[in-house]
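# Coordinate analysis (summary)
Here is how the chains run, residue by residue.
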Amino acid sequence: QVQLAESGGGLVQAGDSLRLSCTASGRTFRINVMGWFRQAPGKEREFVAGIGWSSRSTYYADSVKGRSTISRDNAENTVYLQMNSLKPEDTAVYYCAADSGGLASVRREASYAFWGQGTQVTVSA
């Protein structure tokens, strides 16, 4: 099994930046693709960003493209999400996800076998 632990969430003001981290433990050799999803109150969980093993391929939701950067450090089994110019609509619980599969369905929640517990990000106006 793979365990994922997110950190870095918090309360910030609009326009601020935040970096989320997610560290994997356990059978980490199984991990290929990693991603970030978020769920706002009353809404379904949605894709935010995804990255492949080599970091050559990255994917973003239109809502965060240009404001966010996903990266990973395979030696540390950690994936990051740098978010800039935060908006109140970015308020959500952010979840880290991982899977051994390929990037073909990186945007699909069902493509990921392993999930973290989530970290709250709140952006005040």
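Here we summarise the structure given alongside this text. Everything numeric here is computed off the predicted structure, so don't read it as measured data.

Here we come to the side chain of Arg67. Counting through the fold element by element, Arg67 comes out in the loop between β6 (58-60) and β7 (68-73). The exposure class assigned to Arg67 is buried, which follows from its relative accessible area of 13%. Among the polar contacts listed, one links the side chain of Arg67 to the backbone oxygen of Ser63, at a separation of 2.8 Å. A polar atom in the side chain of Arg67 sits 3.0 Å from the backbone oxygen of Ser85.

Across all of its chains, the model carries four aromatic pairs by this definition. The aromatic ring of Tyr95 is capped on one face by Arg45, whose charged end is 4.6 Å from the ring centroid. The ring of Trp115 has Arg45 lying over it, and the distance from NZ or CZ to the ring centre is 4.0 Å.

Oppositely charged side chains can pair when the atoms bearing their charge come close. Tallying each qualifying case throughout the model produces five salt bridges. Ionic pairing is found between Asp90 and Arg38, a salt bridge with its closest N-O pair at 2.9 Å. One end of the pair, Asp90, is in the loop between β8 (78-83) and β9 (92-99); the other, Arg38, is in strand β4 (residues 33-39), with 52 residues separating them in the sequence. Summarising the burial analysis for this pair, Asp90 and Arg38 share the class buried. For the salt bridge of Asp90 with Arg67, the shortest nitrogen-to-oxygen distance reads 2.9 Å. Of this pair, Asp90 sits in the loop between β8 and β9 while Arg67 sits in the loop between β6 and β7; the two residues are 23 residues apart in sequence, bridging distant segments of the chain. Classification of Asp90 as buried rests on a relative accessible area of 1%.

The strand order across the open sheet built from four strands is β1-β3-β8-β7, with neighbouring strands paired in antiparallel fashion. Since the sheet does not close on itself, it has two edges, and those belong to β1 (2-7) and β7, each with one partner. Neighbour-to-neighbour, the strand axes of this sheet turn through a mean angle of 15 degrees, independent of strand direction. Examined bridge by bridge, strand β3 (residues 18-26) and β8 share six bridges and lie antiparallel to one another. Looking across to β8, one finds that Leu20 is bridged to Leu81.

Rules of the game
Residues numbered from 1 in each chain as written. Predicted model: local features only at pLDDT ≥ 70, side-chain atom pairs only at ≥ 80, totals over all residues. Heavy atoms only, no water. Helix = DSSP H or I, 4+ residues; strand = E, 2+ residues; numbered from the N terminus. Buried < 20%, exposed > 50% of the residue type's maximum accessible area, 1.4 Å probe, protein only. Polar contact = N/O pair within 3.5 Å; in protein donor to acceptor, adjacent residues only side chain to side chain. Phe/Tyr/Trp six-rings, centres within 6.5 Å; stacked < 30°, edge-to-face > 60°. Lys NZ or Arg CZ within 6 Å of the ring centre and 35° of its normal. Salt bridge = Lys/Arg side-chain N within 4 Å of Asp/Glu carboxyl O. Pairing = 2+ DSSP bridges. Axes fitted to C-alpha atoms, helices over the stretch in contact; angles between N-to-C directions.

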